[in-house]
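The lines below spell out each chain.
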Amino acid sequence: MFWLLATLAYLLGSLSFAILLSRLTGNPDPRMSGSGNAGATNMLRLAGRKLATLTLLGDLCKGLLPVLIASVAGLSLQEQAWIGICAVIGHLFPLYFRFRGGKGVATAAGMLLGLYPPAALLAVCAWLLTFYLTRTSSLAALIATPLTLPLLAWQEPAALLPMSALTGLIVWRHRGNLRDLFAGRERHF
């Protein structure tokens, strides 16, 4: 059951709502415009609030659904977390779009919402506060994701290893943003 759900999570994660919504509405491919990222933040820049919101909700759901299905199937919390990570990996490297996807933040948030909602709430609050203060989406993601680890270590230690791996993936996907942040060139809203 674990491997079946992990595979299905990857395939679901591979559905890029940013790319699909762009194609449906005649907007440019988000991988070729703006920041080059197939995610909600770039969709906000390229296509406006409505499509960005739909992208955010779609990406959030594709992280949440596999975790909920794994929970209903009786898999352990750690197995649920690894299955959620498969959805995030699908978002990062989508099978249907030549393995060029987004950065995984919204999908990771959906996964975290399914695993342990208080940690998801902490991440969202940290993201919102950081974004409000800096107007920088990448910095908000880089602060919010690792901030959940101490809470998980305390309340849900079974999810700590998968979430640590996920944090590493998100930091790695933001490596260009980190260079730009340190150089003072990162995009702001």
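Data block above holds the structure.
Residues numbered from 1 in each chain as written. Predicted model: local features only at pLDDT ≥ 70, side-chain atom pairs only at ≥ 80, totals over all residues. Heavy atoms only, no water.

Peer 1: Explain unusual backbone geometry here, please?
Peer 2: Negative phi is the rule for most residues except glycine; trans is the rule for most peptide bonds. Located in the positive-phi region is Arg 98, a residue other than glycine, with phi close to 55°. Looking at the element boundaries, Arg 98 is found in the loop between helix 5 (77-92) and helix 6 (105-115). Judged by relative accessible area, Arg 98 falls into the exposed class, the value being 75%. With a phi angle near 60°, Arg 135 is a residue other than glycine that sits in the positive phi range. Position of Arg 135 among the secondary structure elements: in the loop between helix 7 (117-134) and helix 8 (137-155). (Helix = DSSP H or I, 4+ residues; strand = E, 2+ residues; numbered from the N terminus. Buried < 20%, exposed > 50% of the residue type's maximum accessible area, 1.4 Å probe, protein only.)

Peer 1: Explanation requested: the nonpolar core in the structure shown.
Peer 2: Counting 23 residues, the largest nonpolar core has Met 111, Leu 112, Leu 152, Met 163 and Leu 166 as its most contacted members. Of all the secondary structure elements, the ones that give two or more residues to this core are helix 5, helix 6, helix 7, helix 8 and helix 9 (160-173). With five residues, helix 5 is the largest single contributor of residues to this core. Discounting residues that sit within four places of it in the chain, Met 111 has contacts with Gly 63, Leu 64, Val 67, Ala 81, Gly 84, Ile 85, Val 88, Met 163 and Leu 166. Counting residues in each nonpolar core, the second largest holds nine residues, with Phe 2, Ala 70, Cys 86 and Ala 87 among its members. (Core = buried A, V, L, I, M, F, W, Y, C linked by side-chain atoms within 4.5 Å. Contact = heavy atoms within 4.5 Å.)

Peer 1: Just to check I follow, could you spell out the packing of helix 6 against helix 7 for this structure?
Peer 2: Angle between the axes and distance between the axes are the two parameters that describe a pair of packed helices. Put simply, helix 6 and helix 7 touch, their axes get as near as 6 Å, and they point 145° apart. The segment helix 6 lies against helix 7, with Ala 109, Leu 112, Leu 113 and Leu 115 engaging Pro 117, Ala 119, Ala 120 and Ala 123. Across the contact of helix 6 with helix 7, the residue classes tally to eight nonpolar, no polar and no charged. (Axes fitted to C-alpha atoms, helices over the stretch in contact; angles between N-to-C directions. Nonpolar A, V, L, I, M, F, W, Y, C, P; charged D, E, K, R; others polar.)

Peer 1: What am I meant to see in the environment of Trp 3 here?
Peer 2: For Trp 3, the position within the fold is in helix 1 (residues 2-13). Residues Trp 3 and Glu 79, 76 residues apart in the sequence, show an inter-C-alpha distance of 9.9 Å.

Peer 1: Teacher, can you tell me more about the packing of aromatic side chains here?
Peer 2: A ring pair, where both rings are aromatic, is described by two values, the distance of the centres and the angle of the planes. Under the criterion given, the structure shown has three aromatic pairs. Taken together, a centroid distance of 5.0 Å and an interplanar angle of 85° make the contact between Phe 2 and Trp 3 edge-to-face. Relative to Trp 172, the ring of Phe 93 has its centre 6.3 Å away and its plane inclined at 40°; by these criteria the two rings are tilted. Taken together, the residues span a long stretch of sequence, with Phe 93 in the loop between helix 5 and helix 6 and Trp 172 in helix 9 at a distance of 79 residues. Taking the ring centre of Phe 93 as reference, the NZ or CZ of Arg 173 above it sits at 5.2 Å. The ring of Trp 172 is capped by Arg 175, whose NZ or CZ atom sits 4.1 Å from the centre of that ring. (Phe/Tyr/Trp six-rings, centres within 6.5 Å; stacked < 30°, edge-to-face > 60°. Lys NZ or Arg CZ within 6 Å of the ring centre and 35° of its normal.)

Peer 1: Could you clarify how one ought to interpret helix 5 in this entry?
Peer 2: A turn of α-helix holds 3.6 residues, and therefore any two residues three or four places apart point the same way. The end-to-end C-alpha distance of helix 5, which contains 16 residues, comes to 23 Å, matching closely the 22 Å that a straight helix rising 1.5 Å per residue would cover. All of the buried residues in helix 5 are Leu 77, Gln 80, Ala 81, Ile 83, Gly 84, Ile 85, Cys 86, Ala 87, Val 88, Gly 90, His 91 and Leu 92. Contacts made by the buried residues of helix 5 are with helix 1, helix 4 (49-72), helix 6 and helix 9. (Expected span 1.5 Å × (residues − 1).)

Peer 1: Looking at this model, I keep getting lost on the side chain of Arg 173. Mind explaining?
Peer 2: Here Arg 173 is to be found in helix 9. Buried charge without a salt bridge: Arg 173, with Asp 59 as the nearest opposite-charge side chain at an N-O distance of 11 Å. Among the polar contacts listed, one links the side chain of Arg 173 to the backbone oxygen of Gly 101, at a separation of 3.2 Å. Among residues more than four places away in sequence, those in contact with Arg 173 are Leu 92, Phe 93, Gly 101, Gly 102 and Lys 103. (Lys, Arg positive; Asp, Glu negative; His and termini not counted. Salt bridge = Lys/Arg side-chain N within 4 Å of Asp/Glu carboxyl O. Polar contact = N/O pair within 3.5 Å; in protein donor to acceptor, adjacent residues only side chain to side chain.)

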